[in-house]
Amino acid sequence: DMKRIDYTGSRAGLMIIFFVLFFLAAAAAAAWLGFFLFSPSQKFSESQVVAEFSAPDHIIDGIDQDYKITVRNTGSLALANTRVILKLPDGFVVTNASPTAETARDDSWVLGAIDGGASKTIALKAVYGMPKDTSGSVRVYVDYKPSNFNSEFEKVSDATIKVADEAVEISI
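Residues numbered from 1 in each chain as written. Predicted model: local features only at pLDDT ≥ 70, side-chain atom pairs only at ≥ 80, totals over all residues. Heavy atoms only, no water.

Draft legend 1. Spotlight on the pairing of strand 8 (residues 135-146). Strand direction decides the pairing type here: strand 4 (residues 79-87) and strand 8, joined by 7 bridges, are antiparallel. Within the sheet, the bridge partner assigned to Val84 lies in strand 8 and is Val142. Here 10 bridges tie strand 8 to strand 9 (residues 153-166), and the two strands are oriented antiparallel to one another. Note on strand 9: the bridge partner recorded for Arg139 is Asp158. As consecutive antiparallel partners, strand 8 and strand 9 are separated by 6 residues. (Pairing = 2+ DSSP bridges. Helix = DSSP H or I, 4+ residues; strand = E, 2+ residues; numbered from the N terminus.)

Draft legend 2. Seen up close, the sheet that holds strand 4. Strand order in the open sheet made by the 5 strands is 2-9-8-4-6, with mixed pairing throughout. The sheet terminates laterally at strand 2 (59-61) and strand 6 (108-114), the two strands that pair on one side only. In this sheet, adjacent strand axes meet at a mean angle of 30° when their direction is disregarded. (Axes fitted to C-alpha atoms, helices over the stretch in contact; angles between N-to-C directions.)

Here it is in structure tokens:
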């Protein structure tokens with residue numbers, strides 16, 4: 001009888017579709033599980049890098065005085081390729097630095113690696129030759145690369161210094 005067609009199809013197509021859906025769901029679950037289980041446990045935040053410029057409380061015009069730059073890594077990840085660059089005000093002349101600066105202008109230092117929880121300091125001898133009550137701004141740039149990143153970061157810190165006294169006062 002050709003008027004009636006009986007479908008006696010197999011369920012193989014339906015089984016293949018269920019198998020593919022099950023496989024994709026299992027692969028997605030494994031990917032998410034791996035993402036959460038194998039993500040780095042050490043996190044990095046820019047706030048874990050601290051740059052400070054320390055000046056004497058009483059700056060005297062024309063007198064060689066001690067200053068220092070401290071770079072602290074308060075996080076647990078090491079920092080690589082650490083470099084410090086200073087932007088100094090007019091009249092501020094560095095006379096000696098330890099470690100030695102990499103430029104003739106005495107405004108750039110390569111500190112290298114700084115381990116987690118460690119710090120490095122640059123000691124400066126400098127003269128700020130400006131009149132009494134003159135203020136100036138010192139800007140410290142710290143370029144670094146955290147150990148779990150491939151790109152460099154930069155931390156910027158500002159400090160204001162003010163001449164409190166003149167070395168020689170002339171009165172007429």
